[in-house]
Amino acid sequence: MSSSAAATAAPGSLATSLVLARDVSKTFGQRKALDGVSVSVACGEMVALIGPSGSGKSTLLRSITGLQSIDGGKGTISVFGQTVQSNGRVAGTVRATRSRLGMIFQQFNLVGRLSLFSNVMLGALGRLPGWRGALGLWPSADKTRAMQALHRVGVSDYAAQRANTLSGGQQQRGAIARALVQGAEAILADEPVASLDPVSARKVMELLVELNKRDGLGVIVTLHQVDYAIRYCDRVVALKAGKVVYDGPSTGLDTARLIDIYGPEFEDAFWETKA
Ligand SMILES: Nc1ncnc2c1ncn2[C@@H]1O[C@H](COP(=O)(O)OP(=O)(O)O)[C@@H](O)[C@H]1O
Ligand SMILES: [Mg+2]
């Protein structure tokens, strides 16, 4: 299919699929981190992936990016309609597929001794011959793009500052700017707000919502704070012991369901966070 045909494809066709995971399992030693997970996310959706610690959220995200292989057998994962993994094998085209995904992690993953600006410019590296980036010979169009991205996420004042001197919230917004410069069509974020204070966390979540609603970027975000999932995401997929135990609107997450996902001790914790 030509790229123009893909761009104009009808809703519901393969071209509008962000992630299609079918019967995915992943075993570490004796432990099944993922146990027959099937989930489908369309381009342009914003989905929270929740579940207790150890339920398989990070394993699922890593498997989607092809950074980790899944068990052999019938499990398959495709991203943007391109196979990432099947029968325990990561596809040879995975790098090209991955270049369309912006990845955000809990620990910011910026290069601490580089300026925020240089970190954001690293997002353009995939499009440049390596030596140019290494020598700092960035095309001016990319420099403009990087400054626009920093402005967009609200940290352009800190462009020249070393990344390791910035607050967690500023670094996380820098990581999002880097994904924008990369030209990411979707963002996969693993606990992006877990290390942030509540105000910074809210700003980062609002930014992800804005990129989703205004720019049409797909967002899959793992969160251990259920209240963030409910407040910012229309759809929630919940994992428990490697299985999908809920997949539906966040409004459907009533107390009974949350107790089912997190166990009985959850009730107190949930109402505490709402207070
Ligand atoms: N590289 C690994 N080696 C061994 N066990 C792992 C590895 N990665 C994850 N696990 C195990 O898989 C399960 C799911 O982990 P993870 O996906 O990190 O959960 P979550 O992100 O929901 O906290 C856990 O029991 C974890 O200990
Ligand atoms: Mg995790």
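The preceding data block contains the structure.
Here's a quick rundown of the structure. Every chain's residues receive numbers from 1 upward, in the order its sequence appears when written. Written order decides the labels, with chains lettered from A and ligands numbered from 1. Local features are withheld for residues below a pLDDT of 70 in this predicted model, meaning they are given only at 70 or higher, and side-chain atom pairs are given and counted only at 80 or more; totals for whole chains, interfaces and linings count all residues. Just so you know, side-chain values use all the structure's heavy atoms and leave hydrogens and water out.

Digging into the side chain of E191
Phase 1: For helices the rule is a DSSP run of H or I covering at least 4 residues; for strands it is a run of E covering at least 2, with both sets numbered from the N terminus onward. With respect to the helices and strands, E191 occurs in the loop between β8 (186-190) and α8 (198-215).
Phase 2: With a 1.4 Å probe rolled over the protein chains alone, any residue whose accessible area is under 20% of its type maximum counts as buried; one over 50% counts as exposed, and the rest are partly exposed. Lys and Arg are tallied as positive, Asp and Glu as negative. Neither His nor the chain termini are counted. Criterion for a salt bridge: a side-chain nitrogen of Lys or Arg within 4 Å of a carboxyl oxygen of Asp or Glu. Buried E191, no salt bridge; nearest opposite-charge side chain is K57, N-O distance 4.4 Å.
Phase 3: Of note is the side chain of E191, whose polar atom sits 3.1 Å from the side chain of H224.
Phase 4: In what follows, residue pairs with any heavy atoms lying within 4.5 Å of each other are defined as contacts. Apart from residues no more than four positions distant in its own chain, E191 is found in contact with K57, Q106, T222, L223, H224 and Q225. Pairing of N or O atoms within 3.5 Å defines a polar contact, subject to two protein rules: one partner must be a possible hydrogen donor and the other a possible acceptor, and residues neighboring in sequence count only if both atoms are side-chain atoms.

Considerations on the nonpolar core
Phase 1: Residue types Ala, Val, Leu, Ile, Met, Phe, Trp, Tyr and Cys, when buried and joined through side-chain atoms within 4.5 Å, form a set referred to as a nonpolar core. Among the nonpolar cores identified, the biggest contains 55 residues, and I50, I176 and I187 are the most heavily contacted of them.
Phase 2: No other element matches the 7 residues that α8 contributes to this core.
Phase 3: Apart from residues lying up to four places away in sequence, I50 is in contact with K57, L223, A229, V236, V237, A238, L239, L253, I261 and Y262.
Phase 4: Residues L18, V24, V47 and I64 belong to the second largest nonpolar core, which totals 25 residues.

A few points about the pairing of strand β9 (residues 218-222)
Phase 1: Where burial is concerned, most of β9 is hidden: 5 out of the 5 residues are buried.
Phase 2: Of the two faces of β9, the one lined by G218, I220 and T222 and the one lined by V219 and V221 are each fully buried.
Phase 3: Strands pair, by our definition, only if DSSP identifies at least two bridges between them. Taken together, the 4 bridges between strand β3 (residues 46-50) and β9 define a ladder with parallel strand orientation. Looking at the pairing, A48 lines up with V221 of β9.
Phase 4: Pairing analysis gives 5 bridges linking β8 to β9, with the strands arranged parallel. Within β9, the position partnered with L188 by the bridge is I220.
Phase 5: Regarding topology, α8 serves as the crossover connection from β8 to the parallel β9, and that connection is right-handed. Think of it like this: strands point away, you trace from the first strand over the helix to the second, and a clockwise trace means the crossover is right-handed.

A word on the sheet that holds strand β11 (residues 243-249)
Phase 1: Spatially, β7-β8-β9-β3-β10-β11 is the arrangement adopted by the 6 strands of the open sheet, whose pairing is mixed. Each end of this open sheet is capped by a strand with a single partner; those strands are β7 (101-105) and β11. With strand direction ignored, the average angle separating the axes of adjacent strands in the sheet is 15 degrees.
Phase 2: Contacts from helix α7 (residues 168-182) reach β7 and β8 within the one sheet, and its direction differs from that of β7 by about 170 degrees. Where helices are involved, their axes are fitted lines through C-alpha atoms of the stretch in contact, as for all axes, and angles between N-to-C directions lie from 0 to 180°.

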